[in-house]
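# Descriptive analysis of the structure
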Amino acid sequence: MFVEIKNDFGEMDMLSSKISDFCREQNISDEKHNNIALIVDELVTNVMSYAYPDGGEHTFSLKIEKCDNRVCMCLTDGGIPFNPLSLPNPDLESSLDERPVGGLGISLVRQLSEAVEYARVDDKNQLSIKVLI
Amino acid sequence: MEVKSTNIDNVTVLTPVGRVDTVTAKAFEDALMAAVSTNKKIAICFSEVNYMSSAGLRVVLMLGKKITSLNGALVLIDMPDKIFAVFKMSGFDKILKICQSFEEAKEFF
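The structure displayed is predicted, hence computed values, not measured ones.

## Comments concerning the overall build of chain B
- Across its full length, chain B carries five helices and seven strands.
- When the helices and strands of chain B are read in sequence order from the N terminus, they spell out β-β-β-α-β-β-α-β-α-α-β-α.
- In terms of C-alpha radius of gyration, chain B reaches 12 Å, essentially the compact-globule figure of 13 Å for 109 residues.
- C-alpha atoms of chain B, sized along the principal axes, occupy 30 × 25 × 25 Å.
- Looking at chain B residue by residue over its 109 residues, the buried ones come to 52%.
- Put simply, of all contacts in chain B between residues at least 6 apart along the chain, 66% involve residues at least 24 apart.

Here you go:
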């Protein structure tokens, strides 16, 4: 499945129903569906929030396919160079007072994925994510 | 998004309904902050939440910090497994009180 997404949070409903359709067609369990939806949500939210500081309208894309016992996703945007994997992992042991608000999304993505890789290809950010199902 | 609110034994019980994500996080935050401005004893019931992303976790964390600074109490109750999984992955099960039911939460208020 290939989806083009505008940098507008109004697209999130469309995206989540496309992910639901894909998971239903591929007989993916509810639990794995939730994990895939969460990974896509966190990464797409990052792109919408930070990739296009000019504020103009842009389109980026998500490819998602099932290969054997994995779902492979590729998120590609032409925004400013940014590798979300360069962010430090939040300290998950720190106390309530010390815990920074934010930075949790990419940590969830790492934990839910078998592998996440970033590359800058042809002036685009490309994230490849593999999830065991 | 809809956030139901009731009062039980001087505790404000908030029940968000549906998805708590980037799109709905602001409404969730507004409902939580409005509640804490009138009562610093709050329970959030997650039984009607079917999806939660880090945007929702962030709001719960902010509320937790605020209530601690006010010497109040926050307990999260009735979490479906997949919602609990997201809290646990973030280590929030160690810094926030999570109970199965309101009955179980009572001792913390």
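## Regarding the overall build of chain A
- When you go through chain A residue by residue, the secondary structure sums to three helices and five strands.
- Taken from the N to the C terminus, the helices and strands of chain A come in the order β-α-α-β-β-α-β-β.
- Over its C-alpha atoms chain A spans a radius of gyration of 15 Å, differing by no more than 12% from the 14 Å that the globule rule assigns to 133 residues.
- Overall size of chain A, expressed as C-alpha extent along the three principal axes, is 45 × 35 × 25 Å.
- The burial tally for chain A puts 43% of its 133 residues in the buried class.
- Within chain A, residue pairs in contact and separated by at least 24 positions form 63% of the contacts whose partners lie at least 6 positions apart.
- About 6900 Å² of surface is accessible on chain A, with carbon and sulfur atoms providing 46% of the total.
- Here chain A contributes 12 positive and 23 negative side-chain charges, whose respective centroids are spaced 6 Å apart.

## Considering the sheet that holds strand S5 (residues 124–132) of chain A
Residues and elements named next belong to chain A.
- Across the sheet, five strands lie side by side as S1-S2-S3-S5-S4; this open sheet has antiparallel pairing. Strands at the two margins of the open sheet, each flanked by one partner only, are strand S1 (2–6) and strand S4 (115–121). Taken pair by pair, the neighbouring strands of this sheet meet at an average axis angle of 15 degrees, ignoring direction.
- Two strands pair when backbone bridges link them, and S1 and strand S2 (residues 59–67) are joined in this way by five bridges, in the antiparallel orientation. Looking at the pairing, Lys 6 lines up with Thr 59 of S2.
- Here helix H2 (residues 30–51) sits on the sheet in contact with S1, S2, strand S3 (70–77) and S5, set at roughly 10 degrees to S3.

## Considering the environment of Val71(A)
All names here are of chain A.
- Position of Val 71 among the secondary structure elements: in strand S3.
- Among the residues examined, Val 71 registers a relative accessible area of 0% and is labelled buried.
- Spatially, the C-alpha atoms of Val 71 and Ile 36 are 8.4 Å apart, while their sequence positions differ by 35 residues.
- Residues within four places of Val 71 in sequence aside, it is in contact with Phe 22, Ile 28, Ile 36, Ile 64, Glu 65, Lys 66, Ile 129, Lys 130, Val 131 and Ile 133.

## A word on the interface of chain A and chain B
- On the side of chain B, 25 residues touch chain A, which itself brings 25 residues to the contact.
- Around 2000 Å² of area is buried between chain A and chain B when both sides are counted, 62% of it from carbon and sulfur atoms.
- On the chain A side of the interface with chain B, the three residues burying the most area are Asn34(A), Leu96(A) and Val101(A), jointly 30% of the side's total.
- Between Glu93(A) and Lys94(B) there is a salt bridge; the shortest N-O distance is 3.2 Å.

## Here we look at the sheet that holds strand S4 (residues 41–45) of chain B
Residue and element names in this part refer to chain B.
- In space, the five strands of this open sheet follow the order S1-S2-S4-S6-S7, with mixed pairing throughout. The sheet terminates laterally at strand S1 (3–8) and strand S7 (97–99), the two strands that pair on one side only. Adjacent strand axes in the sheet meet at a mean angle of 25 degrees when their direction is disregarded.
- Pairing geometry for strand S6 (residues 73–77) and S7, over three bridges, is parallel. Bridge assignment links Val 75 to a residue of S7, and that residue is Lys 97.

## Quick look at the nonpolar core
- Counting residues in hydrophobic clusters, the biggest one holds 66 residues, and the most contacted among them are Ile36(A), Met73(A), Phe46(B) and Phe87(B).
- When residues in this core are grouped by element, the largest group, 10 residues, is from H2(A).
- Met73(A) has contacts with Ile36(A), Ile39(A), Val40(A), Leu62(A), Lys63(A), Ile64(A), Leu127(A), Ser128(A), Ile129(A) and Val131(A), leaving out every residue within four places of it along the chain.
- Val75(B), Ile77(B), Phe102(B) and Ala105(B) belong to the second-largest nonpolar core, a separate cluster that totals nine residues.

The rules behind each value
- Residues numbered from 1 in each chain as written.
- Chains lettered and ligands numbered in written order.
- Predicted model: local features only at pLDDT ≥ 70, side-chain atom pairs only at ≥ 80, totals over all residues.
- Heavy atoms only, no water.
- Helix = DSSP H or I, 4+ residues; strand = E, 2+ residues; numbered from the N terminus.
- Rg over C-alpha atoms; globule rule 2.2 N^0.38 Å.
- Buried < 20%, exposed > 50% of the residue type's maximum accessible area, 1.4 Å probe, protein only.
- Contact = heavy atoms within 4.5 Å.
- Areas by Shrake-Rupley, 256 points an atom, 1.4 Å probe, with all protein chains shown as cover.
- Lys, Arg positive; Asp, Glu negative; His and termini not counted.
- Charge placed at Lys NZ, Arg CZ, Asp CG, Glu CD.
- Pairing = 2+ DSSP bridges.
- Axes fitted to C-alpha atoms, helices over the stretch in contact; angles between N-to-C directions.
- Buried area = accessible area lost by both parts, 1.4 Å probe.
- Salt bridge = Lys/Arg side-chain N within 4 Å of Asp/Glu carboxyl O.
- Core = buried A, V, L, I, M, F, W, Y, C linked by side-chain atoms within 4.5 Å.

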